[in-house]
Amino acid sequence: MIHPLLAKVDHRPFPVPQSAWVMSQVWEKLLFAHWPVETSKLRDLIPRSLDIDEFDGTAWVGVVPFLMRDVHPRYTCVVPPLSNFLELNVRTYVTKNGIPGVYFFSLDCSNSFAVWTAKSFYYLPYFNATMSSRCNSDGVVTYESKRRESSAQFRASYKPTGPLFSPNADSLDRFLTERYCLYTTNKHGKLFRGVIHHHPWPLQPAEAEINVNTMTDATLNLKLPDCQPILHYSERLETIEWALVMVL
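Everything quoted here is computed from the prediction, not taken from an experiment. (Residues numbered from 1 in each chain as written. Predicted model: local features only at pLDDT ≥ 70, side-chain atom pairs only at ≥ 80, totals over all residues. Heavy atoms only, no water.)

Participant: What should I look at first to understand the pattern of salt bridges in this one?
Facilitator: Close approach of charged atoms allows side chains with opposite charge to pair. Taken as a whole, this structure holds ten salt bridges when the rule is applied. Put simply, Asp44 and Arg48 hold a salt bridge, and the shortest N to O gap is 2.9 Å. Each member of the pair Asp44 and Arg48 is classed as exposed. When salt bridges with common partners are traced through the structure, they connect Glu28, Arg69, Arg236 and Glu238 into a single cluster. (Salt bridge = Lys/Arg side-chain N within 4 Å of Asp/Glu carboxyl O. Buried < 20%, exposed > 50% of the residue type's maximum accessible area, 1.4 Å probe, protein only.)

See below:
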């Protein structure tokens, strides 16, 4: 049976794999917060096998808090204690062989089993964190995260401020959000690509009060610029994922 998400694929920058997808996830109450960063400051933090993707000559770093829901491998059932948890990632954008994707500097997570699984099978830099999220009647999400192994913290309140919109094809909004794979390396330095599929992001403009954000300081020794980040909100997005494939 074909997954319903695969009925719409014409928006993707490259085709979905011919192999079977292996994982399903739902992402909820997500904030994209992005800052411009000089490309040269990121070059030594990213494998040389990847090209840093720029928009008008500038690289971007995103801090992205959200809720994970109904996470489960294909042919299995949702198990609420394991399938629902919080995640916060720090990321930038890269390309390989003309295929744009995400490179994660760190991913903090409230579920220790998910941390172990992602580190073991996806070679991703996951960290255990103490996290909380709540949404009030006005739609304001209050989100807190404190990494257990270091001083990396994030505390913010955010909400959507306008209707849904579809970014133009060549816009910064689309550049920062519409990514359909991730890149990562294993302990031997081999490069892998993990493909993701979903419908176009249901984006809304957003506002945020970020009280604490030491995510890049602790992980990368990188200070984000003292400017207002570019903000987007998404209420809910269904996704499917494929297993990692080595990239030559």
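From this point on, the discussion continues.
Participant: I would appreciate a short explanation of unusual backbone geometry in the present structure.
Facilitator: Excluding glycine, most residues fall at negative phi; most peptide bonds, likewise, are trans. Even without glycine at this site, Asp70 takes up a positive phi of about 55°. Along the chain, Asp70 turns up in strand β3 (residues 59–73). A positive phi angle, close to 70°, is found at Tyr75, a residue other than glycine. With respect to the helices and strands, Tyr75 occurs in the loop between β3 and α2 (80–83). The class for Tyr75 is exposed, based on a relative accessible area of 75%. (Helix = DSSP H or I, 4+ residues; strand = E, 2+ residues; numbered from the N terminus.)

Participant: Just to check I follow, could you spell out helix α3 (residues 112–121) for this structure?
Facilitator: Each turn of an α-helix holds 3.6 residues, which means side chains three or four residues apart point in the same direction. Those residues of α3 not exposed but buried are Ala114, Val115 and Ala118. Here the buried residues of α3 occupy an arc of 105° about the axis, which is enough to place them on one side. Structural note: α3 exposes Trp116 and Phe121 on the side pointing more than 90 degrees away from its buried face. Structurally, the start of α3 carries an N-cap: the backbone nitrogen of Phe113 is 2.9 Å from a side-chain oxygen of Asn111. Just past α3, the residue Tyr123 takes up positive phi, approximately 55°. (Arc of directions from axis to C-beta. Polar contact = N/O pair within 3.5 Å; in protein donor to acceptor, adjacent residues only side chain to side chain.)

Participant: Could you clarify how one ought to interpret the environment of Leu50 in this entry?
Facilitator: Along the chain, Leu50 turns up in the loop between α1 (39–42) and β2 (51–52). Given a relative accessible area of 0%, Leu50 falls into the buried group.

Participant: Please clarify how the packing of aromatic side chains should be interpreted in this entry.
Facilitator: Given two aromatic rings, one states the distance between the centres and the angle between the planes to describe the pair. Taken as a whole and judged by the stated rule, the model has ten aromatic pairs. With 6.0 Å between their ring centres and 70° between their planes, Tyr93 and Phe175 make a pair best called edge-to-face. Of this pair, Tyr93 sits in strand β4 (residues 85–96) while Phe175 is found in helix α4 (residues 172–177), placing the two residues 82 residues apart along the sequence. Here the two residues Tyr93 and Phe175 agree in accessibility, since each one is buried. Connected via pairs of aromatic rings, a cluster forms that spans Trp27, Phe32, Phe66 and Trp201. Against the face of Phe175 rests Arg179, its NZ or CZ located 4.5 Å from the ring centre. (Phe/Tyr/Trp six-rings, centres within 6.5 Å; stacked < 30°, edge-to-face > 60°. Lys NZ or Arg CZ within 6 Å of the ring centre and 35° of its normal.)

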